Amino acid sequence: MNLDPKLKEKTMESLSAVLPITGIVLVISVFLVPMELGRFVMFLVGAIMLILGMGFFQLGAEMAMTPIGEGIGVQISKTCRILLVLLIGFIMGAIITISEPDLQVLAGQVPSVPNRVLILTVAVGVGLFLAMAIIRIKLQIDLSKMLIILYLLLIGASFLVPREFLAVAFDSGGVTTGPMTVPFIMAMGVGLSSVRNDKNAASDSFGLVALSSVGPILAVLLLGCFYRPTEAVYSAADVAAVVTTRDVVSVFGGGIPAYAKEVLISLLPIGAVFVIFQLLTHRYKRRQIKRIAVGMIYTYAGLVLFLCGVNVGFAPVGSFLGGELAATSVKWALVPIGMLIGYYIVKAEPAIQVLNHQVASVTDGAVSVKAMNRCMSVGVAVSVGLAMMRTLTGLPIQWIIIPGYIIALVMSQFVPKIFVGIAFDSGGVASGPMTSTFLLPLSIGVCQAVGGNLMTDAFGVVALVALTPLIAIQIMGLIYQVKLNALQKKAQHNAALSDDIDEIVEF
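Residues numbered from 1 in each chain as written. Predicted model: local features only at pLDDT ≥ 70, side-chain atom pairs only at ≥ 80, totals over all residues. Heavy atoms only, no water.

Asker: Looking at this structure, how should I read the packing of aromatic side chains?
Answerer: The relative placement of two aromatic rings is captured by the distance of their centres and the angle of their planes. The full count for this structure, using the stated rule, is eight aromatic pairs. An angle of 80 degrees between the planes, with centres 5.0 Å apart, marks the rings of Tyr343 and Tyr344 as edge-to-face. On the basis of relative accessibility, which here comes to 25%, the residue Tyr343 falls in the partly exposed class. Ring pairs connect the aromatic residues Tyr151, Tyr405 and Phe424, which therefore count as one cluster. Looking at Arg39, its charged tip hangs above the ring of Phe320, at a distance of 3.9 Å from the centre. (Phe/Tyr/Trp six-rings, centres within 6.5 Å; stacked < 30°, edge-to-face > 60°. Buried < 20%, exposed > 50% of the residue type's maximum accessible area, 1.4 Å probe, protein only. Lys NZ or Arg CZ within 6 Å of the ring centre and 35° of its normal.)

Asker: Teacher, can you tell me more about the pattern of salt bridges here?
Answerer: Opposite charge on two side chains lets them pair, provided their charged atoms get close. Tallying each qualifying case throughout the model produces one salt bridge. For Asp142, the salt bridge goes to Lys417, with nearest N and O atoms at 3.5 Å. With Asp142 in the loop between helix H5 (115–139) and helix H6 (143–158) and Lys417 in helix H17 (residues 417–430), this pair connects stretches of sequence that are 275 residues apart. According to the relative accessible area criterion, Lys417 is partly exposed, its value standing at 47%. (Salt bridge = Lys/Arg side-chain N within 4 Å of Asp/Glu carboxyl O. Helix = DSSP H or I, 4+ residues; strand = E, 2+ residues; numbered from the N terminus.)

Asker: How should the side chain of Thr299 be read in this particular structure?
Answerer: Mapped onto the fold, Thr299 is located in helix H12 (residues 286–326). With residues up to four places along the chain from it excluded, the contact list for Thr299 reads Phe56, Phe57, Gly60, Ala61, Met65 and Leu267. (Contact = heavy atoms within 4.5 Å.)

Asker: It is not clear to me how the layout of surface pockets should be interpreted in this structure. Could you clarify?
Answerer: Its volume calculated, the largest pocket comes out at about 370 Å³. Taken together, 17 residues form the lining of the largest pocket, with Ile88, Met92, Ile276, Phe277 and Leu280 sitting closest to its centre. Among the elements that take part in the lining of the largest pocket, helix H11 (residues 245–281) stands out by supplying seven residues, more than any other. When grouped by side-chain class, the residues that make up the lining of the largest pocket number 14 nonpolar, three polar and no charged. (1 Å grid on protein atoms, 1.4 Å probe; cavity = no way out; pocket = protein on both sides within 12 Å on 5 of 7 lines; lining within 4 Å. Points joined across faces, edges and corners; volume = space filled by probe spheres on them. Nonpolar A, V, L, I, M, F, W, Y, C, P; charged D, E, K, R; others polar.)

And the structure:
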């Protein structure tokens, strides 16, 4: 495999994803919110790092995370001991969650709950539900029925915890399924179902991310019974004052070591799992091991560049734009502006592209990358528009979340099974680092400008971004089903007409 063309392809995909959001910020800075040149230069450099980081990460995930996840999935599917399967699923889920950079960001912004307590609570939730998801595939339990039971339990639990904890709990479900978690868990699902030959094998390869997103929400809701946060302690990251290009290099260069250490700590547990797995099973040949090792290096470099670019260049601009726009007389313009940002920003989520290519591969192109991108963009656009409206008005998150999940669960009974798994997986994948480091600061900036409650009004944007793709993808599934039925009827009609012609000819 020649890596150069592949890396170029991934980088060009990243460029097409990041360019629109960069253009939107440029237009806003020219016509609505004048931005200092130094601040905008920092944003542009952050965008360049983000593009390069996404390119390296996507190639690394394809070379390393996918084969490791698939290999573990195949091996688990051959194991008949349910307790061993549960234990492996729990350990894998907990390890990967603790490694997730997005969770570290969220934990640092939740008051009254120690960071370690929140991270471990979420890790336990993901571990338990990933184990449950693996058992579901092995026992071929219907995903939609399982989701209905779990989400009804989740909705019931939401009425028992303090109002201030709800948004954080639902956000927790979104941030756990980020760039570290998604490639690994999705590949594990493909590996688990690959040894099956039944008609539901393809649809059952999806759903692991969906169930892994429910666990942390329930776990954090339970945590809310013991802690009483009142308001978020949030210090908006400000863009460093830069005058020369040397200043820009100095600021980003100073940030890289911290993210290099953070990503190294995140990747070490996954590397250790791979080494142990290889020693126990001897599954991979020397050439595959070398390829996976190179893939891990690409993943590492990509995540360091991505996180540094997003946090140093993007996040401060998000907070700044939110605060400045909310302070103007046209603050309601935030709703359409938020929708426009949401439409394009989802394409810059690294894990989204991993999901979309996985969907295209499993469905043999029946659900294309282009169709998935378009559907996800529409869903997230609606999410961010609702989040901006909620931040400006103080509308309780339950009024949107609960009806939204009920609609998604009802739809799951009418769409093809494979679209149920894809939809609920896409909800978790959509809410990645771009959401937590640009949209959340944007929402917080708006909330601070209008004097709202950060815990109830600003938090929750991640949860909304995780919600609407559930409905959008299932609508695509309904359209797909209608078109398929029409094609089948047309084929039957043509077959009947052909038979009639044959009878006339014979007569």
